[in-house]
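Structural overview for review
Letter by letter, the chains look like this.
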Amino acid sequence: MTDKTSNQMWGGRFAAGPDAIMEAINASIGFDQRMAAQDIAGSRAHAAMLAATGVITNKDAEAIREGLLTVLSEIESGQFQFSTALEDIHMNVEARLKEIIGEPAGRLHTGRSRNDQVATDFKLWVRDQLDAAAKGLEALIGALVEQAEAGAEWVMPGFTHLQVAQPVTWGHHMMAYVEMFGRDLSRVRDARARMNESPLGAAALAGTSFPIDRDMTAAALGFDRPAANSLDAVSDRDFALEFLSVASICAMHLSRFAEELVIWSSAQFRFVTLSDRFSTGSSIMPQKKNPDAAELIRAKVGRIFGANTALMMVMKGLPLAYSKDMQEDKEQVFDAADNWMLALAAMEGMVRDMTANRDSLAAAAGSGFSTATDLADWMVRVLKVPFRDAHHVTGALVAMAEARGVDLPDLSLADMKGVHDGITEDIFSVLGVENSVNSRLSYGGTAPAQVRAQVARWKEILG
Ligand code: ARG
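Residues numbered from 1 in each chain as written. Predicted model: local features only at pLDDT ≥ 70, side-chain atom pairs only at ≥ 80, totals over all residues. Heavy atoms only, no water.

**Points about the pattern of salt bridges**
For the structure shown, the criterion picks out 26 salt bridges. The closest approach of N and O atoms between Glu 153 and Arg 452, which form a salt bridge, is 2.8 Å. Of the two residues, Glu 153 is situated in the loop between α6 (114-150) and β1 (155-160) and Arg 452 in helix α19 (residues 448-462); the sequence distance between them amounts to 299 residues. With a relative accessible area of 40%, Glu 153 lands in the partly exposed category. Salt-bridge contacts for Arg 187 lead to Asp 184; the nearest nitrogen and oxygen are separated by 3.1 Å. Of this pair, Arg 187 and Asp 184 both sit in helix α7 (residues 170-195), three residues apart, which is roughly one turn of that helix. (Salt bridge = Lys/Arg side-chain N within 4 Å of Asp/Glu carboxyl O. Helix = DSSP H or I, 4+ residues; strand = E, 2+ residues; numbered from the N terminus. Buried < 20%, exposed > 50% of the residue type's maximum accessible area, 1.4 Å probe, protein only.)

As structure tokens, then:
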């Protein structure tokens, strides 16, 4: 007979209960209780299917399905007493169901295992997070598109190597992030479509001899179809890894933008003013207004990518099918998901609230000889000079301006003619930053007309 202290779910062959340390290392209830709603949805679908296929009676299925709703409401209201001895969410729920409805509870686990159960629960949880991420990304993209539309023609310096390169528009810069987050959104959707196969009914690893209907449970849980190989279904965590890698790439984008906001909000740049709502003060320096939200977003990529690496390491040496190592999948994903959603929301808030300082942007736009390429292009276009030669002449003019401490438009026509006598007064028409950006009308270029076209395209996509 079973010792009273042995596990009531699987303790049949055990004479004694686990050591306290065994229980501590084995239990996942401390964290997998986050999947309670998914666990109960999976069990309700399973019970309905068992009745429909005649494996259990309708009466038992009804009692199980009703009882599970009671368990759910107990969990949601915080009354539920989670037990470490019962290891995980699956056994906690089932044990409580037994207390509520008695004998029929013992029929719920027919034709399934915790292995397909946990894979199903976790997939449902990750799928919900992908949906939340899609919403967060859409909101962030919407905020960026608004910024881009407002400042489609505001000039600012464009950088390469963080050195002033050519003037660009604020709208163009905002829309660059729209493209990045747009790719993230499409990766989220791809991942969701690929993961949407139901593990339920794979049972422990080999399938089951009961006449179950896996299509029925798959449909009830919103899956497109049942997973086609039971060994794979219980040992696959690709969906969690894809979630983490999509999250990592997106977090990297968030981090790059956060880095720009940190730089731009500094006293040296003053390109943007972050709102009080998304800034913090210093406890010692009264003048400080710090971009903490941006800094924290910049740091999030570390833990999210860390989670991705950690789960890769957990999975890489596992033989088929389930191994308990896989219980280590959840905390990483939970933490990454929480922080990804928070970072998306914080970035959206910052973008909505921030003010671009149009004057500072414009003043900086012309600095660093940013229209030198326009000068060279003019010589190619008007004087038919080969680009390499035009590049050389322009370099000489930049050196001259630099030596005098002036900008390119401040040089006189005589100065210019001294370097290349073909240059005419018309050159000054391309040296202004507005002209520079307006001329960059190539598809995807920085001209306000191009930016507005991309804004319109995205507004249509967002609906
Ligand atoms: N708590 C387990 C996990 O998270 C559930 C699956 C347990 N399966 C087993 N055969 N012990 O992975």
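Still to come is the rest of the account.
**Topic: the nonpolar core**
Trp 170, Leu 254, Phe 257, Trp 340 and Met 347 are the most contacted members of the largest nonpolar core, which totals 97 residues. Here the element with the most residues in this core is helix α10 (residues 238-264); it accounts for 15 residues. When neighbours within four sequence positions are excluded, Leu 254 is seen to be in contact with Leu 140, Phe 181, Ile 297, Trp 340, Ala 343, Leu 344 and Met 347. Core analysis: the next-biggest nonpolar cluster, separate from the first, contains 19 residues, Ala 376, Leu 397, Leu 408 and Met 416 among them. (Core = buried A, V, L, I, M, F, W, Y, C linked by side-chain atoms within 4.5 Å. Contact = heavy atoms within 4.5 Å.)

**Re the site of the ligand**
In the neighbourhood of the ligand, the contacting residues comprise Ser 28, Asp 32, Asp 88, His 90, Arg 114, Asn 115, Val 118, Tyr 322, Lys 324, Gln 327 and Lys 330. One of the side-chain N or O atoms of Asn 115 is found 2.9 Å from a nitrogen atom in the ligand. When the free accessible area of the ligand is taken as 340 Å², the share hidden by the protein chains comes to 86%. Looking at the shell around the ligand residue by residue, the class counts come to two nonpolar, four polar and five charged. (Near = heavy atom within 4 Å. Polar contact = N/O pair within 3.5 Å; in protein donor to acceptor, adjacent residues only side chain to side chain. Areas by Shrake-Rupley, 256 points an atom, 1.4 Å probe, with all protein chains shown as cover. Nonpolar A, V, L, I, M, F, W, Y, C, P; charged D, E, K, R; others polar.)

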